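# A look at the structure
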Amino acid sequence: MLLVPTPFGPRNASDLRYVGEATSRPDPSTTSPEAWRDYLYLEHNPAGWLRETWYDRVNRVYFQVERNTATNEFRNPTMPVAKHGKKA
Amino acid sequence: MATPSSIVAGARRKLGAGPPRYSAAGLVRKGLSGDSWPRVWRDVELKSSYDVVIIGGGVHGLATAYYLATNHGITDVAVLDKAYLGSGGSGRNTAIVRSNYLTPEGVAFYDRSLTLYNTMATDLNLNVMFSERGHMTLAHTDGALRTMNWRAEVNKLQGIDSSVIDPTEVGKLAPSLDVSGDSRYPILGALYHPPGGTIRHDAVVWGYARGADHRGVEMHQKTEVLDILCEGGSGPDGKGPGGRVTGVRTSRGDISAPIVVNCTAGWASLISDMAGVKLPIHTRPLQAAVTEPVKVFLPTVVVSGSLHVYVSQTDRGELVFGASVDPFNNYNVGGSLEFTEELAGHVLELMPGISKMRLLRQWAGLCDMTPDYSPVMGDTDVDGFYVDVGWGTYGFKAGPVSGEAMAEAIATRAMPKIIAPFHISRFATGELVGEKGAAAVGH
Ligand SMILES: Cc1cc2nc3c(=O)[nH]c(=O)nc-3n(C[C@H](O)[C@H](O)[C@H](O)COP(=O)(O)OP(=O)(O)OC[C@H]3O[C@@H](n4cnc5c(N)ncnc54)[C@H](O)[C@@H]3O)c2cc1C
């Protein structure tokens, strides 16, 4: 079991949906193909601290939290965000 | 990190003398005389330069080294591993091989691997225990059945033995499966692939290591790569696009090499990052479990996409179960109770008769997942830095063909046709090789 500190208190990871590395979506009308590919596919995938987006299925909100992918410690959960990282 | 003296102290065999050939007669002789077997690969000093440095002593790194030496005469090669050979996915997988993939590129590629596996025991003079027992992917929904028909047609066009069978035939092949149609996920049919089966993964690792060693390749265990040395690149320290690789920094000193190959699977992003190359990969654990041994009753490999589970029975009689990767990125291989609970529930859905069996063990390995469930292979924007990664949950069966093709890519400095579709540039052009329909359940 992995207890995730959500904005609504701790929840088991299996109650949540994992979205992945927190990214910010470039503006499709001005971005370059390279930046768009970067956003779509490339990942940092560190073995350490990573800011990531999760989805709370019960409250139906996205939020971000930092997790250490080597130790599973958490820090700095945020209040809900829009899916692509902007403030909700 | 120094190598423990117990390992260094092993008998040093002269290069060229070659390992003694294994045979039944040899086994009897050794058994009667009580002589110990000579070490399988030499233990030599780490040099300060090589023609090729391969990072990762799993089946991919070792096969690449073996084919570099065997097919191209390139023998000044070192395989470095931070732990021991086969400590990654290569020693943790559920050992399933098959070639019934979904795309023409995937089918041609995995089929070549199966061909190499078919003659491997002779080629490497080591029994890899290839059990060609057949492979069955169950369909529980109309959608799944449609994908099975699609796969069967793609497979047949390329000469692969693969067809869709009905529930009665499924029941004949594996009588322990519930084909009554009364279950929550009734079995509507299956994609049946007779050439699929299982192979002893450790033997494959040791066989390639032994063959590579015999031809002069060096294997260095407990040698961790800490950095990749580059020059001329656009990033910090000369790393990144436009530059070239000059060597590696290891826990046992610097090594110079014009060619460095990343064969580190679950750790692939960390190694590529050292050269300034960003990958379309995230790391997830894949868990597996094994039961106590019972009499053999399950003759084929059985996979269920809808139930996210697959099972095969070993020659010793244990049932080996696998599933899909964990639901979030992780470099932990501790495993979870959720996995076991879900697995048990799903397995009983398929085989109600085994509810009293006990699980012996559960374990996990790291998988390097890509967006299209196909690998990332070949050269990169950093000259001399090659990748053979993105093996996700399907890299064991791909070991031989990957080694063969990567060796050719390095020796000829050109991408062989069979792996050209898997080049990293496909993510810029959008020409993805979507294999999710044939590879989402990890095996
Ligand atoms: C539970 C499970 C079941 C699976 N089942 C199947 C299956 O049935 N069929 C199939 O085809 N595939 C299966 N797979 C996938 C398959 O095991 C892998 O894709 C494959 O083993 C990858 O091989 P590799 O040689 O690329 O990497 P690995 O065998 O993972 O080797 C990578 C090596 O790199 C080393 N390394 C990492 N970092 C460093 C560093 N900094 N310096 C030096 N060395 C380093 C590691 O120690 C490791 O030994 C399964 C995987 C798992 C986990």
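Above: the structure in question.
One structure accompanies this document, and this report is about it.

Rules and cut-offs
Here the residue numbers are simple positions, counted from 1 along each chain's written sequence. Each chain takes a letter, starting from A, and each ligand takes a number, starting from 1, following the order in which they are written. Totals for whole chains, interfaces and linings use all residues, but because this is a predicted model, local features are given only for residues with pLDDT of at least 70 and pairs of side-chain atoms are given and counted only at 80 or more. As a convention, hydrogens and water are excluded, and side-chain values are obtained from all of the structure's heavy atoms. Think of it this way: one heavy atom of a residue within 4 Å of a molecule or strand is enough to make that residue near it. The term polar contact refers here to a pair of N or O atoms within 3.5 Å; inside protein, the definition further demands a hydrogen-donor-capable atom paired with an acceptor-capable atom, and it admits residues adjacent in sequence only when both atoms are side-chain atoms. Shrake-Rupley sampling with a 1.4 Å probe provides the accessible areas, and residues are treated as covered by the protein chains on show and by no other component. Strands are runs of DSSP state E lasting at least two residues, helices are runs of H or I lasting at least four, and both sets are numbered from the N terminus onward. Each residue gets one label: Ala, Val, Leu, Ile, Met, Phe, Trp, Tyr, Cys and Pro are nonpolar, Asp, Glu, Lys and Arg are charged, and the others, such as Gly, are polar. Reported domain spans reflect what an automatic or database domain assignment gives. DSSP-based pairing: two strands are paired if at least 2 bridges between them are found. Convention adopted: a line fitted to C-alpha atoms gives each axis, helices being fitted over their contacting stretch, and angles between N-to-C directions are expressed from 0 to 180 degrees. What makes a salt bridge here is a side-chain nitrogen of Lys or Arg within 4 Å of a carboxyl oxygen of Asp or Glu, nothing more. Burial status follows relative accessibility: with a 1.4 Å probe on protein chains alone, a residue under 20% of its type maximum counts as buried, one over 50% as exposed, and anything between as partly exposed. In what follows, a contact means two residues having at least one pair of non-hydrogen atoms within 4.5 Å. In this description, buried area is defined as the sum, over both parts, of the accessible area (probe of 1.4 Å) that is lost when the two are combined.

### With respect to the site of the ligand
All names here are of chain B. In the region of the ligand, 39 residues are neighbours, and Asp-81, Gly-89, Ser-90, Thr-94 and Lys-397 sit closest. Between the ligand and Asn-93 there is a distance of 3.4 Å, counted from an oxygen atom to a side-chain nitrogen or oxygen. A distance of 3.4 Å separates an oxygen atom of the ligand from a polar atom in the backbone of Ala-95. In the complex, the protein chains occlude 98% of the 1000 Å² of accessible area that the ligand would expose alone. Sorting the residues of the shell around the ligand by element identifies helix H3 (59–72), strand E13 (282–291) and strand E17 (359–369) as the ones contributing at least two each. Grouping the constituent residues of the shell around the ligand by class yields 17 nonpolar, 17 polar and five charged. The two domains that each donate at least three residues to the shell around the ligand are domain 1 (44–134 + 195–281 + 372–443) and domain 3 (282–369).

### Things to note about the sheet that holds strand E12 (residues 259–262) of chain B
Residues and elements named next belong to chain B. Read across the open sheet, the six strands follow the order E8-E2-E1-E12-E19-E18; overall the sheet is mixed. Of all the strands in the sheet, just strand E8 (218–220) and strand E18 (376–379) have a single pairing partner and so form its edges. Taking each pair of neighbouring strands and ignoring which way they run, the sheet shows an average axis angle of 20°. Alignment of strand E1 (residues 52–55) against E12, held across four bridges, turns out to be parallel. Across the sheet, the residue bridging to Ile-54 is Val-261, located in E12.

### Some remarks on the pattern of salt bridges
Applying the stated rule across the entire model yields 17 salt bridges over all chains. Put simply, Arg-426 of chain B and Asp-372 of chain B hold a salt bridge, and the shortest N to O gap is 2.7 Å. Taken together, the residues span a long stretch of sequence, with Arg-426 of chain B in helix H12 (residues 426–429) and Asp-372 of chain B in the loop between E17 and E18 at a distance of 54 residues. Classification of Arg-426 of chain B by relative accessible area gives buried; the value is 2%. Beyond isolated ion pairs, a larger network of salt bridges with shared partners links Arg-51, Glu-66 and Arg-75 of chain A.

### Description of the interface of chain B and chain A
In this assembly, 20 residues from chain B lie in contact with 22 residues from chain A. Summing both partners gives a buried area of about 1800 Å² for chain B against chain A, and 51% of it is carried by carbon and sulfur. It is Lys-278, Phe-328 and Asn-329 of chain B in chain B that bury the most area against chain A; as a group they hold 33% of the surface buried on that side. Seen at the junction of chain B and chain A, the total is one salt bridge. Its salt-bridge partner being Asp-38 of chain A, residue Lys-278 of chain B comes within 2.9 Å of it at the nearest N-O pair. Breaking the side of chain B that touches chain A down by element, the ones donating at least two residues are helix H9 (268–274), E13 and H12 of chain B. If you tally residues by element for the side of chain B that touches chain A, the top one is E13 of chain B, at three residues. Grouping the constituent residues of the side of chain B that touches chain A by class yields 11 nonpolar, six polar and three charged.

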